[in-house]
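# Breakdown of the fold
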Amino acid sequence: ALQAMGHAGVLDPNGRLLQSGSVGADVAEIQALLGLAGYDAGAADGVFGPVTMTAVLALQEDMSIAAEGVVGPGTRQALAQATGILPLLGCDGQP
């Protein structure tokens with residue numbers, strides 16, 4: 001199986017829900033992508049804290065999606081649009 005290249009894997013809408021208190025490499029990737037999209041999520045340290053929350057809420061408000069501060073499928077899609085990075089959904093090249 002092919003592995004996700006770059007940031008595309010973390011934008012998969014089937015990824016785990018990320019919220020305040022979440023920790024991991026996927027959080028760090030989301031933080032980096034928020035920065036790339038122009039939202040200051042602080043250091044990409046893999047800890048979903050208050051600065052990351054503020055960045056997520058700003059993205060959600062700007063993209064007219066429910067501003068709940070939770071990174072789920074809709075927020076991942078909005079982040080993909082904001083950065084121009086398409087999510088990697090499968091190995092067969094289908095969207």
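Residues numbered from 1 in each chain as written. Predicted model: local features only at pLDDT ≥ 70, side-chain atom pairs only at ≥ 80, totals over all residues. Heavy atoms only, no water.

## Observations concerning the overall build of the protein
If you tally the helices and strands in the protein, you get three helices and zero strands. The N-to-C order of helical and strand elements in the protein reads α-α-α. When burial is assessed residue by residue, the protein has 33% of its 95 residues classed as buried. Across the protein, the fraction of contacts at a sequence separation of at least 24, relative to all contacts at a separation of at least 6, is 45%. When the accessible surface of the protein is split by element, carbon and sulfur atoms take 56% of a total near 5300 Å². (Helix = DSSP H or I, 4+ residues; strand = E, 2+ residues; numbered from the N terminus. Buried < 20%, exposed > 50% of the residue type's maximum accessible area, 1.4 Å probe, protein only. Contact = heavy atoms within 4.5 Å. Areas by Shrake-Rupley, 256 points an atom, 1.4 Å probe, with all protein chains shown as cover.)

## Considering the nonpolar core
Grouped together as the largest cluster of nonpolar side chains are 16 residues, with contacts concentrated most on Leu 11, Leu 18, Ile 30, Leu 34, Phe 48, Val 71 and Leu 79. Going through the elements one at a time, helix H1 (25-36), helix H2 (50-62) and helix H3 (73-83) are the ones with two or more residues in this core. (Core = buried A, V, L, I, M, F, W, Y, C linked by side-chain atoms within 4.5 Å.)

## Section: unusual backbone geometry
One can expect most non-glycine residues to show negative phi and most peptide bonds to be in trans. Despite not being glycine, Ser 64 shows a phi value in the positive range, around 55°. Of note, Ser 64 is situated in the loop between H2 and H3.

## Some words on the packing of H1 against H3
Between H1 and H3, whose axes approach to 9 Å, the crossing angle comes to 45°. With respect to H3, the axis of H1 lies oblique. In terms of crossing hand, the pair formed by H1 and H3 is left-handed. Residues Ile 30, Leu 33, Leu 34 and Leu 36 of H1 touch H3, and the partners they reach there are Arg 76, Leu 79 and Thr 83. For the contact of H1 with H3, a count of residues per class yields five nonpolar, one polar and one charged. (Axes fitted to C-alpha atoms, helices over the stretch in contact; angles between N-to-C directions. Parallel < 35°, antiparallel > 145°, perpendicular 65-115°, else oblique. Left-handed = near helix turned anticlockwise from the far one by under 90°. Nonpolar A, V, L, I, M, F, W, Y, C, P; charged D, E, K, R; others polar.)

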